[in-house]
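Take a look at the letters that make up each chain.
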Amino acid sequence: MDKQKYYITTAIAYTSGKPHIGNTYEIVLADAIARYKRSKGYDVFFQTGTDEHGQKIELKAEEACITPKEFVDNVAGEIKRIWDLMNTSYDKFIRTTDEDHEKQVQKIFKKLYDQGDIYKGSYEGLYCTPCESFWTESQLVDGKCPDCGREVKPAKEEAYFFKMSKYADRLIEHINAHPEFIQPVSRKNEMMNNFLLPGLQDLCVSRTSFKWGIPVDFDPKHVVYVWLDALTNYITGIGYDCDGDHTEQFRKDWPADLHLIGKDIIRFHTIYWPIFLMALDLPLPKQVFGHPWLLQGDGKMSKSKGNVLYADELVDFFGVDAVRYFVLHEMPFDNDGVITWELMVERMNSDLANTLGNLVNRTISMTNKYFGGSVTDKKVTEDVDAELHAVVENTPKAVDAKMDNLRVADAMTEIFNLFKRCNKYIDETMPWALAKDEEKKDRLETVLYNLQESIKAGARLLEPYMPETSEKILAQLGDGKVTEKPEILFQRLDIEEVMKKVEELHPPVEEEKEAEEEVIDIEAKPEITFEDFEKMQFQVGEIIACEEVKKSRKLLCSQVKIGSQVKQIVSGIKAHYTAEEMVGKKVMVLVNLKPAKLAGVLSEGMLLCAEDAEGNLALMTPEKEMPAGAEIC
């Protein structure tokens, strides 16, 4: 009987620099899922790799005085080294500079152009180089890139565009018909409400302002834009051919069973990628899972913050499997996880050294001490044995249920609950007390046999998550005879010693004192009740037109779209905003303010602003992209 196939991919890592532990989490998570599926009899193909084109790479190579290819060769080698260090069992490591990939990307671009899905135009907007993304003024957050928070610059260039709206309705139907397609559900809701339902804009799919990319072969001054290049790795890596001459592997493995990606690139994988596939007349992947971030204790890791942790450094302190345990076990299903040196030491000492390591050590030591290393089942049972057997029997079912829903951390918790139950069994049966009574020798042997078999069961379940540890436990417990001297699986650590070494490796950098933030005190108004507050209706509005109010030096009159209606709102902000720059902004609106006339013009609401001590005003805008009409609560 043929094995059922399972094709899993990670996002391909961008070769701008060494991946931190947050990036590394994804490959370890994918590896745990791939290993688990193999253990269940699936024919698994696990692909990862590197994304190697773009303006950011070109600039970094120039700074390093080397060619872009030399730059990405170095970084790709470092990424692969870390993936290998973490004992990840990928089947293919694809690079977007691979010749066969580049050839297929050119073919795909030409095919989409020939069938009218791609057309030539020009792009003008505010460009973020690190994200390689254009933005409109209204999409910026505090005047900066909404994705990374960095500066943007005005840019205009000739470009090719993909007609996204052509396939939008079809994608919406697919998502509604396949609720499992985007996971967790919160990611699906975000994509539908923020992007698909408000309407898709055409996507820029080529660039002319830099050269480091795959050339458009019929228009060589253009290079293929990063997402059309990078996303196609999922099909080119398994043998897709645009002319239809696909490999047997592609015919077997596509569609992918799971694309595992970070939540920050969910839009590209659940909107752009499915639409590209529809245009190529290919089936969509079965599921896209946008995992949360692994954060440092003081926020998202970034080199600019100086809070970056790297996998190889953590491995030097804790070992590979301890790091794997931590990043897998500490990540909730749909919320961000946190990593700190202190938490790592705590888990090392409590879960790994004590719950697991001490359990294995005690069991082997007692088996050697009382029975010369070998025990058999003497079947001298008590009620407590049945309770242990029930946990051993039920744990695989519980693990399967969790893994079927990609709840990897919860699956690991089930396995460690088994190990905890083994420790409790030792406390309940007290083997050291049984050893003092010769008449209870068979009972003692039964107890140790039960312990060994239970630990083996747990160790086999542990293999996808901590493969080296699983192997060591099974080797020490042996087949009929335990090892003479148990190996310490995890060494307890002293937090003060660890932190001292960390400080030596990363001496604190004296930060420049920032200018004291302005503090404004305003006269307090009388308290209101919650019922008073509930009477006010706040929503997000989009300004679709704006003009100056004649006979007024202060007023602007805006037409504000709020859901399906348009309200006219007059605001005294002419000294701070021009009518032209108001258009397109998303703003916060008090919707149910009683209409009034200002300078003879009807106003049907209020735009919310902040004001400093000098009277400067700033419109209040949503931190993230939100649709017009979204409730402010």
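The preceding data block contains the structure.
Because the structure is a prediction, the values reported are computed rather than measured.

This brings us to the packing of helix 1 (residues 21-39) against helix 12 (residues 320-329). Where helix 1 meets helix 12, the closest approach of the two axes is 9 Å, and the angle between their N-to-C directions is 90°. In this view, helix 1 runs roughly perpendicular relative to helix 12, as classed from their interaxial angle. Here helix 1 contributes I21, Y25, V28, L29, D31, A32 and R35 to the contact with helix 12, which in turn contributes V323, R324, V327 and L328.

This next bit is on the sheet that holds strand 7 (residues 153-162). Within the open sheet, the 4 strands sit side by side as 6-5-7-9. Their pairing is antiparallel. Taken across any chain shown, the strands that pair with only one partner, and hence form the sheet edges, are strand 6 (133-135) and strand 9 (203-204). Sheet topology note: the strand 5 (residues 118-128)/strand 6 ladder contains 3 bridges and is antiparallel. Looking at the pairing, Y127 lines up with F134 of strand 6.

What follows covers the pairing of strand 13 (residues 288-291). Burial of the side chains of strand 13 extends over both faces: V288 and G290 are buried on one face and F289 and H291 on the other. Taken together, the 2 bridges between strand 8 (residues 182-183) and strand 13 define a ladder with parallel strand orientation. Bridge assignment links I182 to a residue of strand 13, and that residue is V288. Sheet analysis places strand 12 (residues 258-262) next to strand 13, joined by 4 bridges and oriented parallel. Bridged to I261 within strand 13 is G290. For the crossover that starts at strand 12, traverses helix 10 (residues 266-279) and ends in the parallel strand 13, the hand is right-handed.

Here we take up the sheet that holds strand 18 (residues 565-571). Strand pairing within a sheet occurs via backbone hydrogen bonds; the two strands may be parallel or antiparallel. Pairing within the open sheet is antiparallel, and its 5 strands lie in the order 18-17-16-19-22. Bordering the open sheet on either side are strand 18 and strand 22 (606-607), each of which pairs with just one other strand. Direction of pairing for strand 16 (residues 538-548) relative to strand 17 (residues 556-562): antiparallel, over a ladder of 6 bridges. Directly across from I543, in strand 17, lies its bridge partner V560.

Once that is clear, we can look at the packing of aromatic side chains. This structure, assessed with the given rule, holds 24 aromatic pairs. Between the aromatic rings of Y160 and F218, the centroid separation amounts to 5.9 Å while the plane-to-plane angle is 80°, which identifies the pairing as edge-to-face. Of this pair, Y160 sits in strand 7 while F218 sits in the loop between strand 10 (206-207) and strand 11 (223-224); the two residues are 58 residues apart in sequence, bridging distant segments of the chain. The class for Y160 is buried, based on a relative accessible area of 2%. Accessibility expressed as a relative area gives 29% for F218, which makes it partly exposed. Connected via pairs of aromatic rings, a cluster forms that spans Y7, F45, Y234, Y240, F250, W254 and W273. The ring of Y310 carries K18 above its face, with NZ or CZ at 4.6 Å from the centroid. Seen from the ring of W293, K263 lies directly overhead, with NZ or CZ sitting 4.6 Å from the centre.

Throughout the structure, instances matching the rule amount to 39 salt bridges. Here D114 and K110 are joined by a salt bridge, their closest N and O atoms 2.8 Å apart. With D114 and K110 both in helix 4 (residues 99-114), this residue pair falls 4 residues apart, about one helical turn. For K110, a relative accessible area of 30% corresponds to the partly exposed category.

A few words on the environment of Y119. Position of Y119 relative to the elements: it lies in strand 5. Taking the relative accessible area as the measure of exposure, Y119 reaches 29% and is therefore partly exposed. When the C-alpha atoms of Y119 and V205 are compared, they prove to be 9.6 Å apart, with 86 residues separating the residues in sequence. Excluding residues that lie within four positions of it along the chain, Y119 makes contacts with A159, Y160, F161, K163 and D202.

Turning to the side chain of H259, a few remarks are in order. Tracing the chain through its elements places H259 in strand 12. A polar contact is formed between the side chain of H259 and the side chain of W273, at a distance of 3.1 Å. With residues up to four places along the chain from it excluded, the contact list for H259 reads T9, Y234, W254, W273, P285, Q287, V288 and F289.

Glancing now at a nonpolar patch on the surface. Residues I528, F533 and M536 make up a contiguous nonpolar surface patch of about 280 Å² in total accessible area. Mapped onto the fold, F533 is located in helix 20 (residues 530-534). We classify F533 as partly exposed; its relative accessible area is 40%.

Rules used throughout
Residues numbered from 1 in each chain as written. Predicted model: local features only at pLDDT ≥ 70, side-chain atom pairs only at ≥ 80, totals over all residues. Heavy atoms only, no water. Axes fitted to C-alpha atoms, helices over the stretch in contact; angles between N-to-C directions. Helix = DSSP H or I, 4+ residues; strand = E, 2+ residues; numbered from the N terminus. Parallel < 35°, antiparallel > 145°, perpendicular 65-115°, else oblique. Contact = heavy atoms within 4.5 Å. Pairing = 2+ DSSP bridges. Buried < 20%, exposed > 50% of the residue type's maximum accessible area, 1.4 Å probe, protein only. Right-handed = clockwise from strand over helix to strand, strands pointing away. Phe/Tyr/Trp six-rings, centres within 6.5 Å; stacked < 30°, edge-to-face > 60°. Lys NZ or Arg CZ within 6 Å of the ring centre and 35° of its normal. Salt bridge = Lys/Arg side-chain N within 4 Å of Asp/Glu carboxyl O. Polar contact = N/O pair within 3.5 Å; in protein donor to acceptor, adjacent residues only side chain to side chain. Patch = residues over 30% accessible without salt bridge, like charges linked within 9 Å, V, L, I, M, F, W, Y side chains within 5 Å. Areas by Shrake-Rupley, 256 points an atom, 1.4 Å probe, with all protein chains shown as cover.

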